[in-house]
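# Topology and contacts: notes
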Amino acid sequence: MRSEFLNSLSRTVGADSLLVGKDACFPYSTDWTKTPGNPLAVVLPRSTPELSKVLALCSKEKVPVVPSGGRTGLAAGAVPTNGELVVNLGRMDSLSEPSLLSRTVRVGAGAVTENVHQHCEKVGLTWPIDLASKGSCQIGGNLSTNAGGLKVIRYGMARKWVTSLEFVKMDGSVLTLNAGLEKNNTGYDLLQLMIGSEGTLGILTEATLKLVPVPEEKGKSIYFFAVKNALGLPYLFEKCRTGPFEILAFEFFSSKCLEAVSNKLGRESKLRGKGEYYVLAEVAGDRSRDAWAEATLSNPLVIDSLVADSSESQKQVWSLREGITESLALTASLRKHDLSVPVDQVASFLQDVEASLFEAKLPIELYFFGHFGDGSPHVNMLCPPSIPFEDFDRACDLFEPKLFGLVQQYRGSISSEHGVGLLKKKWLGFSRTKEELDIFRAIKSAFDPKGLLNPGKVF
């Protein structure tokens, strides 16, 4: 059965588009979570018709399929765990000429996000979803997880910047949604349903993306602050929101995160004062901010600050924030959670998480960073140097119900960016009601009645 199916698949896509064997499949078997995968094989389709034939064959033979892109996710959403066929869309990376009139561009699902940016910037436009992983993540994954990134406070999530989608259902049928229309009030919005569905309803193949003019560098500055404690975060956010400029990004990280970036990557802050937290606020607009700055910095919550106006100094400040994920991975074993709570409650949530860990007396070190401006704190649990990994792993298992209990108490979400995937599905009930999950299952059944598409993910 297995060999007959693989032979049929090879005839469908060509031998050079099918990978078989542990070594050949390994690069496509996991994601940034390093969750071990177990694929049957990996297929690399070149076109939508080819993918349609692949899925029709899989449906006929009842072979489960896991869609795969750049594999930069942190929920194991693209990891095959039970001998599924991996369908990687990296070869479907077409880029059409951007339309200046409609400010759109048609791209393949396998197009790397940074390549889309560079392609559109040639005509003065860009897709405004800016991600730390943009050099390797792909548009299909961005849309399947409704990616956010560093500029959500200014531009919103990925779903706002799409006008049409093409996708293939598990039975091989191809659907085009919306055909690039700005307005289409004819029933249920299947386009928005597909975005964020994590490859459980269909496999995205092409998308028409909405573009904006490339932001001018002129008038853009970065304020970098050291603040006394978590209360400094909402204080500065409120002051920036009422300041004489537009906020483009408002990021925060703890002193522990800054220490990790310094120790592991050699990147140093130019602030002389040290705080419990740091804030990076990128703003654009009127530079006559002296009165605003004087009033803002006079608060004792603000320990130190600097303004980065040159492109070089701005890159230096951003490098501190963008180096956190890499530096934490180099520091110790860790578990990561991208959470979401109301913006005005982020500071109290962080304090409650710390208090809960202190009360539990578990061997875990907490590292906080994230997108304060859109209520997305990333809670990272690291293994202390003197603790065996097995003890740390058990401690995380004990602490996570307390952490997600707090999320539920704050009426937040267990995932703000990376989706549910494989790793977070057991916690989904902390963010979704039974009634909502019943609707989820009905939708899944309507799109994929055999349950073959990305099985075991989300619920």
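Before any of the text, the structure's been laid out above.
Residues numbered from 1 in each chain as written. Predicted model: local features only at pLDDT ≥ 70, side-chain atom pairs only at ≥ 80, totals over all residues. Heavy atoms only, no water.

## Quick notes on the packing of aromatic side chains
We describe a pair of aromatic rings using the distance from one ring centre to the other and the angle between the two ring planes. Per the counting criterion, the structure on display carries 20 aromatic pairs. Pairing F349 with Y410 gives two aromatic rings, centres 5.4 Å apart and planes at 85°, and the pair type is edge-to-face. Of this pair, F349 sits in helix α13 (residues 346-360) while Y410 sits in the loop between α14 (389-409) and α15 (434-447); the two residues are 61 residues apart in sequence, bridging distant segments of the chain. Both residues of the pair, F349 and Y410, count as buried. Among the aromatic residues, those joined into a cluster by ring pairs are F237, F250, F252, Y277 and F372. Over the ring of Y367 we find K256; its NZ or CZ atom is 5.6 Å from the centre of that ring. (Phe/Tyr/Trp six-rings, centres within 6.5 Å; stacked < 30°, edge-to-face > 60°. Helix = DSSP H or I, 4+ residues; strand = E, 2+ residues; numbered from the N terminus. Buried < 20%, exposed > 50% of the residue type's maximum accessible area, 1.4 Å probe, protein only. Lys NZ or Arg CZ within 6 Å of the ring centre and 35° of its normal.)

## Details of the side chain of S262
Relative to the helices and strands, S262 is located in helix α9 (residues 255-265). Judged by relative accessible area, S262 falls into the buried class, the value being 18%. Not counting residues up to four positions away in its chain, the partners in contact with S262 are R267 and E268. (Contact = heavy atoms within 4.5 Å.)

## Some words on the sheet that holds strand β5 (residues 104-108)
Spatially, four strands are ordered β5-β9-β7-β8 in an open sheet, and the strand pairing comes out antiparallel. Strands with a single pairing partner mark the edges of an open sheet, and in this sheet they are β5 and β8 (174-177). The sheet shows a mean angle of 10° between the axes of neighbouring strands, taken without regard to direction. Pairing geometry for β5 and strand β9 (residues 203-210), over five bridges, is antiparallel. The residue bridging V105 from the neighbouring strand is L209, located in β9. (Pairing = 2+ DSSP bridges. Axes fitted to C-alpha atoms, helices over the stretch in contact; angles between N-to-C directions.)

## With respect to the pairing of strand β7 (residues 162-168)
In terms of burial, β7 is largely enclosed, as seven of its seven residues are buried. When β7 meets β9, the two strands line up antiparallel, connected through six bridges. The partner of S164 across the bridge, within β9, is T208. Relative to β8, β7 runs antiparallel, the two being bridged by four bridges.

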